[in-house]
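Structure at a glance
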Amino acid sequence: MINEKPRVRFAPSPTGYLHVGGLRTALYNFLYAKHYGGKFILRIEDTDRNRYVEGAVENLIDSLKWCGLDFDEGPGKDGEYAPYMQSERLNIYLKYAEELISKGKAYYAFDTPDRLAKLKEEQTARKEQSKYDKLALTLSQEEIKNKLDAGEPFVIRLNVTPGQRVIVDDVIRGRVEFNTDIVDDQILIKSDGYPTYHMANVVDDHLMKITHVIRGEEWLSSTPKHVLLYEFLGWEIPVFAHLPLLLNPDKSKLSKRQGDVAVEDYRAKGYLKEALVNFVALLGWNAGDDKEFYNFEELINNFSLERVNKSGAVFNVEKLDWLNGEHIRSKTALEILPLFKEELDNSIYKDHNFSDEHLLKIIDAMKERIIFIRELIEKSPYFFEAPNLYEEKAVQKRWKPETPDELKKLLSEFEKIDSSSKEDFENALHKSAEELGIGNGKLIHPVRLAVSGSSTGPGIFDLLHILGKEEVILRIKTALEKINN
RNA sequence: GGCGCGUUCGUCUAGUGGCUUAGGACGCCGCCCUCUCAAGGCGGAGAUCACGGGUUCGAAUCCCGUACGCGCUACCA
């Protein structure tokens, strides 16, 4: 197996959306597989019928794909080991559960939920750990057969021998030891015929030839059950890697209560998939150097399980924001264009028609001033419509009594230029300033205000160039009327 | 309660016994650049490496204990 290509899986239960913690787990699986030229498999752990959520699988796959995590095998891409929905594999689990029974490693149990509840109550009252008392093991073969024949509801439980050590070897945490005294006789097959996670994941991982089980830390405690299962079934144990948790700012497990946890939330907020993936990759892993900006390919090339941290990481949105800006800046205007158009279609300007040429200029002028694509609109609405308000503070600071006259001079020079090139605007402005005997700034600030209503933005000549001669003249004239102190 | 995992600036982290007066990044503050705002450059504040014992000539790094946090302890995953 050492020389085989890894086969890893992301095995979420379809609870409705892709959690960012799930994204990180999926990502590490994906990166590991791709780094070694292996396969990334998506398997849906839908063995809890009470938790069925309509459309959850589609949503999950949608989010995964948006992030660029294409799976090699999974629902809708059925490969050699299909089906990849556990609810469609029920008979398989039952078969292996029966094999375990025949080996004495599992057994039928017919306890009522009532008895179990009472048992647990008594145990906790005595401050013992709650654990099944193996009562069903006292049943004779005949009694079992009769109950089965009578159609009594049953469950199949793992038969754990107490007093033994189980070793879990984990790539990230090293060797972890458990005593079987604390391992419960886990239910393998529920009374509705569905397997529990423990049974299903072991059977499927084996059948699907999974080489590395990379999953969240919350599974570490139940791994001894899985190890036992592999041993009882005589199967090779995969490599385990239990990932640290993602945390809220108060260090509790990342939850919905304290902010957004779904990938789709971040998508809706306008984060780039590149930034989300980059950020999430760094939450618990680093290459050992100072590099923090990664594209997808670099992540694949550099990722290793050995360099995954042990401790949980707070999901710190501020750094995500910074990375989003970094990724925007690293893109060409042409790459940003479709994203920009998408935002425009969702904005109040959706009915306007702007040429690609115009939009590309806006991107070039604005991309290092924004963190979200939508700020291309929010931070510079003046590229889409004339201002109807003029920033009051800026007016007070920059609009002096002599400003209107000076702007009129500038206007006359602007009217003379025959192109909307930056150079023409620049020459005209310099000339005006010179003839007026004032500094450029005395014109630049008022004209910015007149033309954009704002005191901030791209370089003034870029701004004028993008707006164009006609529009600039028009806007200066309206400003002259409107800003009359 | 039991079992397990964890603990380096506010946050993400580097560090695997001497190179460390603990490095980088985000955020914050200041300066430079400059027509503004950003971006960029430079600099600053910010960590007695959870605490206490050991081991060692020497420990953030190894060992033990304690505290705290988190996870698991379901016919949920």
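Everything discussed here concerns the structure shown above.
These notes cover the structure that comes with them. These numbers were taken from a predicted model, which means no experiment stands behind them.

What follows covers the sheet that holds strand β4 (residues 155-158). The 3 strands are arranged β3-β4-β7 in an open sheet whose pairing can be described as antiparallel. Both outer strands of the open sheet, β3 (106-109) and β7 (187-189), are each paired with one neighbouring strand and no more. For this sheet, the mean angle separating the axes of adjacent strands, direction not counted, is 40°. Pairing between β4 and β7: 2 bridges, direction antiparallel. From the neighbouring strand, R157 faces β7, where its bridge partner is I187. Of the strands in this sheet, β3, β4 and β7 touch helix α3 (residues 90-102), which is tilted by about 105° from β3.

Turning to the side chain of S432, a few remarks are in order. Residue placement: S432 occurs in helix α17 (residues 422-436). Residue classification places S432 among the buried residues on the basis of a relative accessible area of 0%. Within the structure, S432 has its side chain in polar contact with the backbone oxygen of A428 (distance 2.8 Å). Once residues lying within four places of it in the same chain are set aside, the contact partners of S432 are K409, L410, E413 and L443.

With that settled, consider unusual backbone geometry. Looking along the chain, the bond that leaves A82 and enters P83 is cis, with omega of -5°. You can see P83 is positioned in the loop between α2 (56-66) and α3. Look at K127: it is not a glycine, yet its phi comes out positive at around 60°. Assignment of secondary structure puts K127 in the loop between α4 (113-125) and α5 (141-149). According to the relative accessible area criterion, K127 is exposed, its value standing at 78%. One non-glycine residue, K134, adopts positive backbone phi at about 65°.

How each quantity is defined
Residues numbered from 1 in each chain as written. Chains lettered and ligands numbered in written order. Predicted model: local features only at pLDDT ≥ 70, side-chain atom pairs only at ≥ 80, totals over all residues. Heavy atoms only, no water. Pairing = 2+ DSSP bridges. Helix = DSSP H or I, 4+ residues; strand = E, 2+ residues; numbered from the N terminus. Axes fitted to C-alpha atoms, helices over the stretch in contact; angles between N-to-C directions. Contact = heavy atoms within 4.5 Å. Buried < 20%, exposed > 50% of the residue type's maximum accessible area, 1.4 Å probe, protein only. Polar contact = N/O pair within 3.5 Å; in protein donor to acceptor, adjacent residues only side chain to side chain.

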